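Inside the fold
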Amino acid sequence: MIGYYVHHQGRGHLHRAMCVARHLRTPVVGFSSLPRPTAWQGEWFRLPMDTDRAGPGSRPAEILDPTAGGRLHWAPRHHTGLRDRMGIVADWIARTGPRLFVSDVSVEVATLARLMGIPVVVAAMRGDRFDPAHRMAYDMADALLAPWPQTSPEPDWPHHWLDKTMYTGAFSRYDDRPRDQAPPSPGPSSRSREVVVMLGAGGADITTDDLTTASEATPGWSWTFLGAPRGDRWVNDPWPLLCRADVVVTHAGQNAVAECAAARTPAVVIPQDRPHGEQLATARALRAAGLATVRRGWPAPHEWDELLHRTASRPGDRWATWAPGDGARRAARLLDRLTATAPGKREAACASR
């Protein structure tokens, strides 16, 4: 049995868990503040939130010492939601004795599982993870699951992290789905080229005015906006739009980049400000590999036309080096191996990369 924690922010963590769970041979149980996905095959525990200002007895209260003196990320004192969610996880571990627990991603949940004697796999993230909480989680993990290629590692990681890292390449919910064939282009004079702006559900630094002025400055391009801040509509399945687009404009979240890569569509990547510089680190890796047009900030209106034409000329098949298409299977094989591996044999389970 495998326990699998899924963070509620955005939808990338959930999509990644769904991809991996689909290929697991070992039964898996999900834990999250998100509702149970209809396609989830195993048991799912809906966890109470721990980010509201509810204290003992659910009375409004101040958030007290949430970092435990700088050693954790979020563990406020006397918080009912925190206590209840940790109790649910601990009770399940005590009752079932799982072989493995996956955290994607919570230092506190990973620590709880390890304190109960359960081997832990932590979903690795780019950026500066050298704060005390991340160091503890990465140090104690039996394996780190890195959804990026080994050819684009994180700089400055210590050897004892690298030695237990499983590089899967980027993966997404679209890896097993054939690429939709775009209709043949009738020529630039009769068809506007298409831009899809995909900013997701995790928050964006880009304003509605930014999007409007960019589209108005590029009359030869047809723009479709998905997600915040100016979503024409929320699209649960943007795959046909991604495949049809000449260019995707997106942030540098792992899941968003993975979906662009799966569609093999050229992309303009504009990293958003996130804790620990996660998106900036992903953008640097993409730029170094020559896989996307990366801009640190939103381009000025007069820059967009040349930027889109230049990006559209980038060969989309180069994305295969970032997302080979079997990353979720690789991750599932790792987890299955770890559930069957005797204590002390972690290195052999992580040897295949």
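What follows concerns the sheet that holds strand β1 (residues 2–6). Read from one edge to the other, the open sheet built from seven strands follows the order β3-β2-β1-β4-β5-β6-β7, with strand pairing classed as parallel. Because the sheet does not close on itself, it has two edges, and the strands there are β3 (44–46) and β7 (165–167). Mean inter-strand twist for the sheet, computed between neighbouring axes without regard to direction, equals 20°. Across the sheet, helix α3 (residues 107–115) lies against β1, β4 (100–104) and β5 (120–123), angled at about 170° from β5, the strand it touches most.

Below, the discussion takes up the pattern of salt bridges. What the rule picks out here adds up to 17 salt bridges. Salt-bridge contacts for R95 lead to D91; the nearest nitrogen and oxygen are separated by 2.9 Å. Taken together, the residues R95 and D91, both in helix α2 (residues 80–96) and four residues apart, mark about one turn of the helix. A salt bridge links E278 to R129; the shortest N-O distance between them is 3.5 Å. In this pair, E278 is assigned in helix α9 (residues 278–289) and R129 in the loop between β5 and α4 (132–140), connecting sequence segments 149 residues apart. Of the two residues, E278 and R129, both sit in the buried class. Connected via shared salt-bridge partners are R22, D176 and R329.

Below, the discussion takes up empty space enclosed by the protein. A full pass over the atoms with the stated rule returns two cavities of 30 Å³ or more. Within this model, the largest cavity holds a volume of roughly 90 Å³. Lining the largest cavity are 13 residues, and of these P147, A170, Q254, N255 and A258 sit closest to its centre. Of all elements in the fold, only α1 (12–23) and α8 (254–263) reach the threshold of two or more residues within the lining of the largest cavity. Among the elements that line the lining of the largest cavity, the one with the most residues is α8, at four residues.

An order of β9-β8-β10-β11-β12 is seen for the five strands of this open sheet, with the pairing classed as parallel. With one partner strand each, in any of the chains shown, β9 (221–226) and β12 (293–294) form the two edges of the open sheet. Alignment of strand β10 (residues 247–250) against strand β11 (residues 267–269), held across three bridges, turns out to be parallel. In the sheet register, V248 faces β11, and the bridge partner there is A267.

Counted residue by residue, strand β8 (residues 193–198) has five buried out of six residues, so it is predominantly covered. The sheet contact formed by β8 and β10 spans four bridges and is parallel. Its bridge partner lying in β10, M198 is registered against T250.

Let's shift gears to the packing of α3 against α4. Two numbers describe how α3 lies on α4: the axes approach to 10 Å, and their chain directions differ by 40°. One way to sum up the angle between α3 and α4 is to call them oblique. In this structure, the crossing between α3 and α4 has a hand that is left-handed. Residues V107, A110, T111 and R114 of α3 form the contact with α4, whose participating residues are A133, H134, M136, A137 and M140. Looking at side-chain class alone, the contact of α3 with α4 contains six nonpolar, two polar and one charged residues.

Here we come to the nonpolar core. F31, F101, V122, Y138 and L144 are the most contacted members of the largest nonpolar core, which has 35 residues in total. Within the residue set of this core, elements represented by two or more residues are β2 (28–32), α2, α3, β5, α4 and β6 (143–146). Looking at which element gives the most residues to this core, the answer is α2, with six residues. What Y138 contacts, discounting residues up to four positions off in sequence, is V122, A123, A124, M125, R129, L144, W157, W161 and K164. Core analysis: the next-biggest nonpolar cluster, separate from the first, contains 30 residues, C260, A263, A283 and W319 among them.

With that settled, the discussion passes to the packing of α1 against helix α11 (residues 327–339). Where α1 contacts α11, the two axes come as close as 8 Å, and the packing angle between them is 65°. The handedness of the crossing between α1 and α11 comes out as right-handed. On α11, the residues that touch C19, V20 and H23 of α1 are A328, R329, A331, A332, L335 and D336. When the residues that make up the contact of α1 with α11 are grouped by side-chain class, the tally is six nonpolar, one polar and two charged.

The rules behind these values
Residues numbered from 1 in each chain as written. Predicted model: local features only at pLDDT ≥ 70, side-chain atom pairs only at ≥ 80, totals over all residues. Heavy atoms only, no water. Pairing = 2+ DSSP bridges. Helix = DSSP H or I, 4+ residues; strand = E, 2+ residues; numbered from the N terminus. Axes fitted to C-alpha atoms, helices over the stretch in contact; angles between N-to-C directions. Contact = heavy atoms within 4.5 Å. Salt bridge = Lys/Arg side-chain N within 4 Å of Asp/Glu carboxyl O. Buried < 20%, exposed > 50% of the residue type's maximum accessible area, 1.4 Å probe, protein only. 1 Å grid on protein atoms, 1.4 Å probe; cavity = no way out; pocket = protein on both sides within 12 Å on 5 of 7 lines; lining within 4 Å. Points joined across faces, edges and corners; volume = space filled by probe spheres on them. Parallel < 35°, antiparallel > 145°, perpendicular 65-115°, else oblique. Left-handed = near helix turned anticlockwise from the far one by under 90°. Nonpolar A, V, L, I, M, F, W, Y, C, P; charged D, E, K, R; others polar. Core = buried A, V, L, I, M, F, W, Y, C linked by side-chain atoms within 4.5 Å.

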